[in-house]
Amino acid sequence: MVRITPHDALIVVDMQNDFMPWGRLPVPGADGIIDKVNHYCKLFSSKGNPVFATRDWHPENHVSFDINGGRWPVHCVQWSRGADFANGLELPPDTFIVNKGDRPELEAYSGFQGTLLDSLLKERGIRRIFVCGVAAEFCVKNTCIGAINLGYTVFVLTDAVKGLSRESEEEAVEELLLAGAVALGSSLIKP
Ligand code: VGL
Ligand code: ZN
């Protein structure tokens, strides 16, 4: 079992409309984890632990868009409905929002890339992060690896993570385990 300590934070990765089945870069079944993510949000905020939510936050001329020569359809354009947090997601009112991928020329799959996330965590004494959200193979994986490289202990909340396919999701989780992350579900967190 794992107990939530004062040095723990929840990181919700890119739970935005464009990554839901109704969005422009759909992650199949991503809406199926909304209830689980809401559960983790309530759990952490009820204990006074901070909740962070990353947001893919691209300008229209972003390098990752196919129209600009990149690999993805246009998605999560700043201030658009698609960039909003997913319908049904219940983030605590004091959630820290972390925008990433906001520079036209830079892709940012990690929530630590070009953001203040590391210093926001450090100044609150956070040493362990619990990560959920989408997409397993991209922003979840890279955020976890970034955190491991910065010295954090990383728990991947596998019942609240979704990938573009089952196979690549499993592969991503396996890579994270090899990198030193720990896989966890809500049944292993002491309430
Ligand atoms: C993501 C593809 C493009 C993600 C972001 O949040 O995993 N994937 N931009
Ligand atoms: Zn993106």
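Since we're looking at a predicted model, the values are computed, not measured.

**Student:** If you had to explain empty space enclosed by the protein to someone new, which residues and values would you point to?
**Tutor:** Per the stated rule, a full pass over the model turns up 1 cavity of 30 Å³ or more. Phe-19, Leu-25, Trp-72, Tyr-109 and Phe-138 are, among the 14 residues lining the largest cavity, the residues nearest its centre. Of the residues belonging to the lining of the largest cavity, the class tally is 9 nonpolar, 2 polar and 3 charged.

**Student:** Let's hear about the coordination of the zinc ion (ligand 2): which residues, and what values?
**Tutor:** Surrounding the zinc ion (ligand 2) are the protein donor atoms Asp-56 (OD), His-58 (NE2) and His-75 (NE2), which sit 2.0 to 2.2 Å from the metal. Here the donor residues of the zinc ion (ligand 2) are spaced in sequence according to D-x1-H-x16-H. Both residues of the pair, Asp-56 and His-58, count as buried.

**Student:** Tell me what's going on with the pattern of salt bridges, and back it up with residues and numbers.
**Tutor:** Evaluation of the coordinates by the stated rule reveals 10 salt bridges. Lys-36 serves as the salt-bridge partner of Asp-159, at 3.6 Å between the closest nitrogen and oxygen. Within this pair, whereas Asp-159 is found in strand β6 (residues 153–162), its partner Lys-36 is found in helix α1 (residues 34–46), the two being separated by 123 residues in sequence. With its nearest N and O atoms 3.2 Å apart, the salt bridge here joins Glu-170 to Arg-166. Within this pair, Glu-170 and its partner Arg-166 are both found in helix α4 (residues 166–179), separated by 4 residues, close to a single helical turn.

**Student:** Which residues make up the side chain of His-75, and what values go with them?
**Tutor:** Structurally, His-75 is set in the loop between β3 (51–56) and β4 (96–100). A polar atom in the side chain of His-75 sits 3.2 Å from the side chain of His-58. Setting aside its immediate chain neighbours within four residues, His-75 contacts Asp-18, Phe-19, Leu-25, Asp-56, His-58, Ser-64 and Phe-65.

**Student:** Account for the sheet that holds β3, naming residues and giving values.
**Tutor:** Read across the sheet, 6 strands follow the order β4-β3-β2-β5-β6-β7 without closing on themselves; strand pairing throughout is parallel. In the strand order of this sheet, the two ends are held by β4 and β7 (182–184), each with one partner. Put simply, the sheet's adjacent strands are angled 25 degrees from each other on average, direction ignored. Packing against the sheet, helix α3 (residues 136–149) makes contact with β2 (8–13), β4, β5 (128–134) and β6, and its axis sits at approximately 170 degrees to β5. Along the sheet face, α4 touches β6 and β7 and points at about 170 degrees away from the line of β6.

Rules of the game
Residues numbered from 1 in each chain as written. Chains lettered and ligands numbered in written order. Predicted model: local features only at pLDDT ≥ 70, side-chain atom pairs only at ≥ 80, totals over all residues. Heavy atoms only, no water. 1 Å grid on protein atoms, 1.4 Å probe; cavity = no way out; pocket = protein on both sides within 12 Å on 5 of 7 lines; lining within 4 Å. Points joined across faces, edges and corners; volume = space filled by probe spheres on them. Nonpolar A, V, L, I, M, F, W, Y, C, P; charged D, E, K, R; others polar. Donors = N, O, S within 2.8 Å, 3.2 Å for Na, K, Ca; no water. Buried < 20%, exposed > 50% of the residue type's maximum accessible area, 1.4 Å probe, protein only. Salt bridge = Lys/Arg side-chain N within 4 Å of Asp/Glu carboxyl O. Helix = DSSP H or I, 4+ residues; strand = E, 2+ residues; numbered from the N terminus. Polar contact = N/O pair within 3.5 Å; in protein donor to acceptor, adjacent residues only side chain to side chain. Contact = heavy atoms within 4.5 Å. Pairing = 2+ DSSP bridges. Axes fitted to C-alpha atoms, helices over the stretch in contact; angles between N-to-C directions.

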